[in-house]
Amino acid sequence: MIYGKYRKGHRVRLIDGLRTLAAYLEDRPELPVPHDSKVAVSVLYGTDDEKEAEVKRIACLIGSALDPEALSHGHLTAKVSFGPVQYSVTAITEAATARWDGWWSYRDAISPDPPAGA
């Protein structure tokens, strides 16, 4: 269970929803659309080695490689773009998670003064 639990048929429902959204927007040119769109998959469970192997496996399937910039932050990421639409898979290393947890552990240590007039 490297990704978490999904209900049966989730993949079919997601793809159907994306197609329905595309048709909906195509039929309504008066509606604004976002600058871009991202479909992101997160590898949530496993050791760092297991997560890296899974991201590399998917990178091969999509014809990509690990993103070196993301890797420098402890994120194992591979992506493929279709114009302004992107599909990506990411796993976060244990060290990066620990850094984030440490950073957030200070969130209650200070209370900034409210803005003047608030």
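As a reminder, the structure under discussion sits directly above these lines.
In short, a report on the structure.

Rules and cut-offs
Residues numbered from 1 in each chain as written. Predicted model: local features only at pLDDT ≥ 70, side-chain atom pairs only at ≥ 80, totals over all residues. Heavy atoms only, no water. Helix = DSSP H or I, 4+ residues; strand = E, 2+ residues; numbered from the N terminus. Rg over C-alpha atoms; globule rule 2.2 N^0.38 Å. Buried < 20%, exposed > 50% of the residue type's maximum accessible area, 1.4 Å probe, protein only. Contact = heavy atoms within 4.5 Å. Areas by Shrake-Rupley, 256 points an atom, 1.4 Å probe, with all protein chains shown as cover. Lys, Arg positive; Asp, Glu negative; His and termini not counted. Charge placed at Lys NZ, Arg CZ, Asp CG, Glu CD. 1 Å grid on protein atoms, 1.4 Å probe; cavity = no way out; pocket = protein on both sides within 12 Å on 5 of 7 lines; lining within 4 Å. Points joined across faces, edges and corners; volume = space filled by probe spheres on them. Patch = residues over 30% accessible without salt bridge, like charges linked within 9 Å, V, L, I, M, F, W, Y side chains within 5 Å. Salt bridge = Lys/Arg side-chain N within 4 Å of Asp/Glu carboxyl O. Pairing = 2+ DSSP bridges. Axes fitted to C-alpha atoms, helices over the stretch in contact; angles between N-to-C directions.

**Here we look at the overall build of the chain**
For the chain, the helix and strand inventory stands at 4 helices and 3 strands. Listing the helices and strands of the chain from first to last along the sequence gives α-β-α-α-β-β-α. Against the compact-globule benchmark of 13 Å for 118 residues, the chain has a radius of gyration of 19 Å, which places it well outside the compact range. On the principal axes, the C-alpha backbone points of the chain span a range of 50 × 50 × 30 Å. Among the 118 residues that make up the chain, the fraction classed as buried is 17%. Restricting the contact set of the chain to residue pairs at least 6 apart, pairs at least 24 apart contribute 50%. On the chain, roughly 9400 Å² of surface is accessible, and the fraction owed to carbon and sulfur atoms is 59%. Computing the positive centroid from 14 side-chain charges and the negative centroid from 16, the chain places the two 8 Å apart.

**A look at the layout of surface pockets**
The computed volume of the largest pocket comes to approximately 1000 Å³. Residue lining of the largest pocket: 28 residues in total, with Leu14, Ile15, Leu18, Val39 and Tyr87 positioned closest to the centre. When contributions to the lining of the largest pocket are tallied by element, the ones reaching two or more residues are α1 (10–27), β1 (37–43) and β3 (85–92). If one sorts the elements of the lining of the largest pocket by residue count, α1 sits on top with 10 residues.

**Regarding a nonpolar patch on the surface**
A contiguous nonpolar patch, built from Leu21, Tyr24 and Leu31 and spanning about 270 Å² of accessible area, is present on the exposed surface. Its place among the elements puts Tyr24 in helix α1.

**Thoughts on the side chain of Ser88**
Assignment of secondary structure puts Ser88 in strand β3. Leave out the neighbours within four places in its chain, and Ser88 touches Val39, Ala40, Val41, Ala78 and Lys79.

**Quick look at the pattern of salt bridges**
Overall, the coordinates contain 3 salt bridges when judged by the stated rule. Salt-bridge contacts for Arg57 lead to Glu54; the nearest nitrogen and oxygen are separated by 3.0 Å. Here Glu54 and Arg57 lie together in helix α2 (residues 48–62), a separation of 3 residues that amounts to about one turn. The class of Arg57 is partly exposed, set by a relative accessible area of 44%. Glu54 sits in the buried class, given a relative accessible area of 12%. Across the pair Lys79 and Asp67 runs a salt bridge, and its minimum N-O distance is 3.2 Å.

**What about the sheet that holds β3?**
Here we have 3 strands laid out as an open sheet, ordered β1-β3-β2, and mixed in their pairing. Every other strand in the sheet has two partners, leaving β1 and β2 (75–82) as the edge strands with one partner each. Along the sheet, successive strands turn relative to each other by an average axial angle of 15°, direction set aside. Judged from the 7 bridges that link them, β1 and β3 form a sheet pairing that is parallel. Within β3, the position partnered with Val41 by the bridge is Val89. On the sheet, α2 packs against β1, β2 and β3 and is oriented at approximately 15° with respect to β2.

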